[in-house]
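Here is how the chains run, residue by residue.
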Amino acid sequence: MSIYKSAFNISFFTIISRIFGFFRDIAIAYKLGTGFASDVFFIALKIPNFFRRIFAEGAFSQAFVPLFSDILISQNQKQASKFANQIFFYLLISLLILTIIFEIFMPYIMAIFAPGYLNIPEKYQQVVLLGRITFPYIILISAVSMVNGVLNNYKIFIPGSIMPIIYNSCLIISLFTLGNFTNNYGLALSYGLLIGGIIQLLVIYLYAYYKNYKIYPKKPSKKSPLITKFWHKLLPAIFASSIIQLNSWIDLIIASLIPNAVSYIYYSERIIQLPLAIIGIAISTALLPTLSQLIKSNKSNDATKLFNESLNLSMFFTIPAMVGLFMLNKEIIITLFARGKFDINSVISTAIMLKIYALAIPAFILIKILLTNFYARGDTVTPLKIAIISLIINLSFNLLLIQFFSYLGIAIATVISSWINVILLYAILKKHNYMNITKEYFIKFFKIGLSSIIICIILFFILNILPDYSKISILHKATLLTFIIIFITITYCALNFILKTYSISEIKKLLRQS
């Protein structure tokens, strides 16, 4: 199957999952708003998500997938399955120990991650309680990602893409059932998270079993050089992923010192995550196993061409997404969240955060795809070095800019450090001849940029003739916003058709390419 068909499948189910995610966030915004309860839950949710992105979606996949692909090519499926089962054993043992440590020391851990709550006993006690409930989710979701990593190597991507739909559905149901029963919505959402993790694991495990991929933890009978190689790849990747996630935690720690800032960041990041998941994660997930196999097979020219096409295609969708979110920030926040406890102050503050974060969307997606080139080659050390530099830059700008821009300084620092990260990754890949963007691709980039500038100008004029968005009905808001998005999308596609950014034959070729 073509990686672009795979990416399309991932994107399709990701879109459905994000729709469920928006329903979830709309419900949370309605019930919790941007105050005490929302800040506490978002902090508690952040901790298992922090480790999920390290063990489940980050370092683990980056070390495991290329090695698993290598064994499939050089040996056979039986040996690859044996390797996966042994890794599964070590993963579960490590996470069980980690969970026990966090459950015992959660009060001290929360003192580090949310220092702004120490002087508010009620808030601090609640965040510790919710943290203890939500943390075991890391075991469940990491097991899900382990099974999904194996399926991805067999070009099976849909089950993993469906998992967030289950997750979001469980949170929504728990909010309106257990939440209404206990009147503690943060507690209800925390238990909903655990239930969702259990259901996710059951569904993907049974699917893998049905497809005859029997994945289960098995302790190695003797020391294996492949296991040793895996640890050598994993440890630098863990450090790199940890530092990347620490960037996010720095934002959160600083935000906990500013009233309601945690919630402003959460809601604006939820919007930003949509193009990141649909474009960046979808393409990088589909790209990694195929790129690894091409490199292992010494097909360097094919690997370079595939990488350049993936990079180009990602920007085709990313640049207009950035323009849309930058220009329509207030209209999007009002339409999605402005009801219940989410008042006008929440709208204005979150919309400004979204506007700034939008400028980093291309950087976020470029980082995802550029890192894939390193991981496909088994290089987990270089991303670690760059992640450390990025962390220092982000922290420095955070401390400087919050003095002048309050919570907005957090978003500005993220934008600056993300683009510096992109420049460093590109420079190193270019230096080692791991990528070579030809004139053909630069011309495509230019056409994409030109089309995006034109739709930005069109959006500017549209916004000047719109009625007061805060004074029209929710149905009118949703209809108007949907019409604008459809109109701008059609206009953008038409401009690129006129400029011949991608011809029909090129699109067909991309879809056929494996």
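See the structure printed just above.
Below, the structure is looked at part by part. Every value quoted in this text rests on a predicted model; they were computed, and no experiment measured them.

### Observations regarding the overall build of the chain
Each helix and strand in the chain was counted, giving 20 helices and 0 strands. Total accessible area computed for the chain in this model is approximately 22300 Å², and 69% of it derives from carbon and sulfur atoms.

### Considering the packing of aromatic side chains
If you walk through the whole model with that rule in mind, you get 19 aromatic pairs. On the numbers, 5.5 Å between centres and 70 degrees between planes, the contact of F89 with Y90 is edge-to-face. Among the residues examined, F89 registers a relative accessible area of 21% and is labelled partly exposed. Look at Y90 and you get partly exposed, because its relative accessible area is 28%. Ring geometry for Y90 versus W231: centroids 5.8 Å apart, planes at 75 degrees, classification edge-to-face.

### Comments concerning the packing of helix α13 (residues 329-337) against helix α19 (residues 474-499)
In contact at an axis separation of 10 Å, α13 and α19 are set at 135 degrees when each is read in the N-to-C sense. Overall, the two elements α13 and α19 adopt an arrangement that is oblique. For the crossing formed where α13 meets α19, the hand is left-handed. Judged by residue contacts, E331, I332, I334 and T335 of α13 engage I474, K477, A478 and L481 from α19. Considering only residue class, the contact of α13 with α19 consists of 5 nonpolar, 1 polar and 2 charged.

### Re the pattern of salt bridges
Close approach of charged atoms allows side chains with opposite charge to pair. One pass over the full model with this rule turns up 2 salt bridges. R270 is the salt-bridge partner of D25, the closest N and O atoms lying 2.7 Å from each other. Of this pair, D25 sits in helix α1 (residues 3-32) while R270 sits in helix α11 (residues 261-296), placing them 245 residues apart in sequence. For D25, a relative accessible area of 0% corresponds to the buried category. With relative accessibility at 15%, the residue R270 sits in the buried group. Salt bridges linked by common partners bring R24, D25 and R270 together as one network.

### Overview of the side chain of T382
Here T382 lies in helix α16 (residues 381-405). Residue class for T382 comes out buried when judged on its relative accessible area of 18%. When neighbours within four sequence positions are excluded, T382 is seen to be in contact with F374 and I428.

### Regarding unusual backbone geometry
Not every positive phi belongs to a glycine, and N212 is a case in point at roughly 70 degrees. As for its position among the elements, N212 is in the loop between α9 (185-210) and α10 (225-255). Phi is positive for K500, which is not a glycine, with a value near 60 degrees. Inspection of the secondary structure puts K500 in the loop between α19 and α20 (504-512). Residue classification places K500 among the exposed residues on the basis of a relative accessible area of 64%.

### Observations regarding the packing of helix α14 (residues 344-358) against helix α17 (residues 408-431)
Taken N-terminus to C-terminus, the directions of α14 and α17 make an angle of 10 degrees; their axes are 8 Å apart at the nearest point. In terms of orientation, α14 and α17 fall into the roughly parallel class. In contact with I352, M353, I356 and Y357 of α14, α17 contributes L408, I410, A411, I412, T414 and V415. Looking at side-chain class alone, the contact of α14 with α17 contains 9 nonpolar, 1 polar and no charged residues.

### Describing a nonpolar patch on the surface
Among the surface-exposed residues, I93, L96, I97, I100, I101, I104, F105 and Y108 lie close enough to one another that they form a single nonpolar patch of about 790 Å² accessible area. As for its position among the elements, I101 is in helix α4 (residues 77-113). I101 sits in the partly exposed class, given a relative accessible area of 40%.

### Thoughts on the nonpolar core
Across soluble globular proteins, nonpolar side chains show a tendency to be buried alongside one another. If you look at the biggest cluster of nonpolar residues, it comprises 151 residues, and the most contacted ones within it are I47 and F64. Looking at this core element by element, the count peaks at 13 residues for α4. Apart from the residues lying within four places of it in its own chain, the contact partners of I47 are F102, M106, I109, M110, F113, F135 and W249. With 5 residues, the next largest nonpolar core counts I295, A303, L306 and A376 among its residues.

### Re helix α15 (residues 361-376)
In a regular helix each residue adds 1.5 Å, so 16 residues correspond to 22 Å; α15 covers 23 Å between its end C-alpha atoms and thus fits that length. In terms of burial, α15 is a largely internal element, 15 of the 16 residues being buried. Phi turns positive, to about 80 degrees, at G378, one or two residues after α15.

Conventions used here
Residues numbered from 1 in each chain as written. Predicted model: local features only at pLDDT ≥ 70, side-chain atom pairs only at ≥ 80, totals over all residues. Heavy atoms only, no water. Helix = DSSP H or I, 4+ residues; strand = E, 2+ residues; numbered from the N terminus. Areas by Shrake-Rupley, 256 points an atom, 1.4 Å probe, with all protein chains shown as cover. Phe/Tyr/Trp six-rings, centres within 6.5 Å; stacked < 30°, edge-to-face > 60°. Buried < 20%, exposed > 50% of the residue type's maximum accessible area, 1.4 Å probe, protein only. Axes fitted to C-alpha atoms, helices over the stretch in contact; angles between N-to-C directions. Parallel < 35°, antiparallel > 145°, perpendicular 65-115°, else oblique. Left-handed = near helix turned anticlockwise from the far one by under 90°. Contact = heavy atoms within 4.5 Å. Nonpolar A, V, L, I, M, F, W, Y, C, P; charged D, E, K, R; others polar. Salt bridge = Lys/Arg side-chain N within 4 Å of Asp/Glu carboxyl O. Patch = residues over 30% accessible without salt bridge, like charges linked within 9 Å, V, L, I, M, F, W, Y side chains within 5 Å. Core = buried A, V, L, I, M, F, W, Y, C linked by side-chain atoms within 4.5 Å. Expected span 1.5 Å × (residues − 1).

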